[in-house]
Every structure is written in C-alpha cells, then in structure tokens.
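Listed here are the chains, written in short residue letters.
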Amino acid sequence: ADEEFRRNLMDLSRATEDAYWGVSAASEQRRVAHKSLETRRALLDQTEAQYEVGVVSRVEVTEAEAGLAEGEVGVIVAENQYRTAQDQLIDLVLGPNLTPDSRLEIRPTDSPEEIVTYTVDPEEANRKALAHRPEIAAARRSIEQQEIELKFRRNQRLPQLDVKLAYGYSGLGGSNNTAPQLGGSLPPIDLSYSTTHDDWFSNRAASQWSGGVEVTFPLGNVTGRAGASKAQLELRRAHTQVRRLELDIVLEVREAIRNLNSAMEGIEAAERRRLAAEEQRRAEAIRLEYGESTPFDVLQREEVLVDAESQKINALQLYHNSVTALDRAQGTILRNRNIAVEEAAALR
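Please read all numbers here as calculations on a predicted model, not as lab measurements. (Residues numbered from 1 in each chain as written. Predicted model: local features only at pLDDT ≥ 70, side-chain atom pairs only at ≥ 80, totals over all residues. Heavy atoms only, no water.)

1. What to know about the overall build of the protein
For the protein, the helix and strand inventory stands at 9 helices and 2 strands. Here the protein holds 348 residues, and the buried ones make up 31% of them. Partitioning the contacts of the protein with sequence separation of at least 6, the portion at a separation of at least 24 is 82%. Accessible surface, the protein as shown: approximately 22300 Å² in total, 53% of it carbon and sulfur. (Helix = DSSP H or I, 4+ residues; strand = E, 2+ residues; numbered from the N terminus. Buried < 20%, exposed > 50% of the residue type's maximum accessible area, 1.4 Å probe, protein only. Contact = heavy atoms within 4.5 Å. Areas by Shrake-Rupley, 256 points an atom, 1.4 Å probe, with all protein chains shown as cover.)

2. Overview of the confidence of the model for the protein
Here the protein averages 84 in pLDDT, and 87% of its residues register 70 or above. Helix α7 (residues 295-330) holds the highest mean pLDDT among the elements of the protein, 93, whereas helix α5 (residues 193-200) holds the lowest, 55. (pLDDT = per-residue confidence, 0-100.)

3. Description of helix α6 (residues 222-289)
Along its 68 residues, α6 runs 96 Å from first to last C-alpha, staying within 8% of the 100 Å computed at 1.5 Å per residue. Positioned one or two residues after α6, G291 has a phi angle of 75 degrees, which is positive. (Expected span 1.5 Å × (residues − 1).)

4. Notes on unusual backbone geometry
Despite not being glycine, N338 has its phi angle at roughly 55 degrees, a positive value. Residue placement: N338 occurs in the loop between α8 (333-336) and α9 (341-345). For N338, a relative accessible area of 72% puts it in the exposed group.

5. Observations regarding the pattern of salt bridges
The full count for this structure, using the stated rule, is 33 salt bridges. For the salt bridge of E3 with R141, the shortest nitrogen-to-oxygen distance reads 3.7 Å. Of the two residues, E3 sits in helix α1 (residues 2-52) while R141 sits in helix α4 (residues 134-155), which places them 138 residues apart along the sequence. Judged by its relative accessible area of 12%, E3 is buried. Between E28 and R31 there is a salt bridge, with the nearest N and O atoms lying 3.0 Å from each other. Pair noted here: E28 and R31 are both in helix α1, with a separation of 3 residues, about one helical turn. What makes E28 partly exposed here is its relative accessible area of 23%. Given the relative accessible area of 43%, R31 is considered partly exposed. It is possible to trace a salt-bridge network through shared partners that takes in E4, R7, D11, R133, E135, E252 and R328. (Salt bridge = Lys/Arg side-chain N within 4 Å of Asp/Glu carboxyl O.)

6. Considering a nonpolar patch on the surface
A grouping of L12, L92, V93, L94 and L104 is seen on the molecular surface, where their side chains present a nonpolar patch of about 350 Å² in accessible area. A per-element tally of the nonpolar patch places helix α2 (residues 58-94) first, with 3 residues. Locating L104 in the fold gives a position in the loop between α2 and α3 (122-132). (Patch = residues over 30% accessible without salt bridge, like charges linked within 9 Å, V, L, I, M, F, W, Y side chains within 5 Å.)

7. Looking at the packing of aromatic side chains
In the structure shown here, the tally under the stated rule is 1 aromatic pair. Both rings, one in Y20 and one in W21, keep their centres 5.3 Å apart while their planes meet at 85 degrees; by these two values the pair is edge-to-face. R30 extends its terminal NZ or CZ atom over the ring of Y82, reaching a point 3.9 Å from the ring centre. Lying across the ring of Y51, R58 places its NZ or CZ 5.7 Å from the centre. (Phe/Tyr/Trp six-rings, centres within 6.5 Å; stacked < 30°, edge-to-face > 60°. Lys NZ or Arg CZ within 6 Å of the ring centre and 35° of its normal.)

Laid out in structure tokens, this is it:
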C-alpha cells in the first residue's frame, strides 16, 4: 500500500507539472496570437492608407481585411486553449475551488526559455529506476509474499498433529444422599435449576478435564498437493512479472532519454526557423512599402512566422515535459521536487 501511494503521488506530481507547462505554453501561444493580430491590424491600416493615395487597389485592402479576420480567429482559439489549460491545472491543484463560474487563474512564474542541457547516462538512469521505482519494489515484495505462501502450502501436505486439552466445571443437580437405606425408599432429591446454577460457582461443583492427541493424514492429500503446485506456479509468475517490469522500465527510460535529447535538438532547430521566418516577414514588409509586394504575400510570411513561433513554444513545452518524464521514469521525481512522502501522507 505504501508503494502504491508513492506511485500515485509520482503520477500526480508529473501530471501537475505537465499541466503547469501546458499553461505556460498556452500563455505564450496567446501572446503570439495577439502579436500577430496587431501586425495584421497595422498591415490593414497601411494598406488602407496606400489605397487612399491610389498606390494599391481595393482587392489588396480586402486581402488585408481577410488577414485581420484570420488573426481575430487565432486570438479566439488561443484564448480558449489558454482557459482550458488553466482549468486542467486548477483541477489538479485547487480542484474543490473550481466552480462553473470560477475566475481563478494561475500565472506561471518560470520562464519556458530557461533550459539546462542534460547529458544522461542510460546505464545510470536505469540503475536509478530499478532502485527507486515503487512499481518494482511492490513487485519484489509480491515475490516475498508468494514464497511465504509456498512454504505454507507445502506444510499443508504433511500429516496434521493436534494436541487437545480441556478443563472445566459442571454444576450438580440435586442434593447428595448422605444416608441411604437398604431395602427402603430413597429420600427425595432436589432437582431445581437454581441449585445446579449455584453449585457451579461453589467448591461443590464437579471439575472435569480431558486430553488427547489427534493425527490426521488424508489419503492422497490431493488438496494439499494441488495448493502447493498452485503456489509454486504463482511464485514463478511473480518472478516473471518482475522481469517483465524491469524490461518495461528499461524501455521507458530509453524512451525518456530519447525524447529529452530530441527536445533539446528541436529547440535549436525551431529557433533557427523562427529567426529565418522573422527575417523573411520583415523583408516582405519592406518590399510592400516600396510597392514590390502585396498584402497577401506579407500575410503568408506572417503565417509562416506564427507557425515557427508556435513550433518553438511546443519544443520548449516538450523539453520541460521530457525532463519530468525522465525523473518519473527514474523514480526520482519526488526527491528532486523536495516532496516528502511522510508529509504528503498526512494529506490523505
């Protein structure tokens, strides 16, 4: 039960941390959507001014208006995703305080840009997992239980020897006949229940004791042998489950390491793409000022930039989630977050 509680606490810690970075990412996505909306609004103002002086046609103004409407839709979607991420985190942290009309809001204080380059040793990570994972500890204790069960079932195959001892008192019904007469009639005897009951609590009660030995040896002993065989199979299955769990942990640790390395590489690639998209959009805006481009071309560059920024945000979120997943796979998530199981148990 203790190991199961530790496992649930680890899973809850991971879910809470993932939800926290989900709110952080949704907040950044909302920021990007609002920034894109402002860029589209400025583009529309610029295009309308150019239209007033006869530089561009009405079609290009319509293109800019369509781009502004698309930006407004993006803001609506980003705001909705942000509120959904907020509800998920609040439900994990302040569940009872979440009401249908709740206006609670959790604002992340950690910057998603703060990352640490990890170099993880797979062998060391797997060793930590086997030493700290509550699942493997519970499975190994199951083996101990099955070993005790096997000893008990093997004991049941032996003959049974019972030693029985009993000692007690019994009340005497009636009065003693102290003066019997031969050939004559016997004096009457009091057979009342009250006399019997009183005698049981006095020194006039009759003491009784008994003892014996009972040996039982069932012919064939099918039940005992079947129980021992079943217990032996259960023990073998427990050993197999531990081995299977160890292999699953190896796979989980390997996947967590790969995801973390991939996330760190993805951040670098996403940043390069974002910088390139930002430069392309800036160049396209300059071309528009000189009449060498159209609002449609600028909007396309803006969409590419928004997508690149969103990809960077997702890469950062994946990185933080991968760090949490690796700590969970190694079984060190509670220790690294300074969570004491003894203190958390009191909250149950």
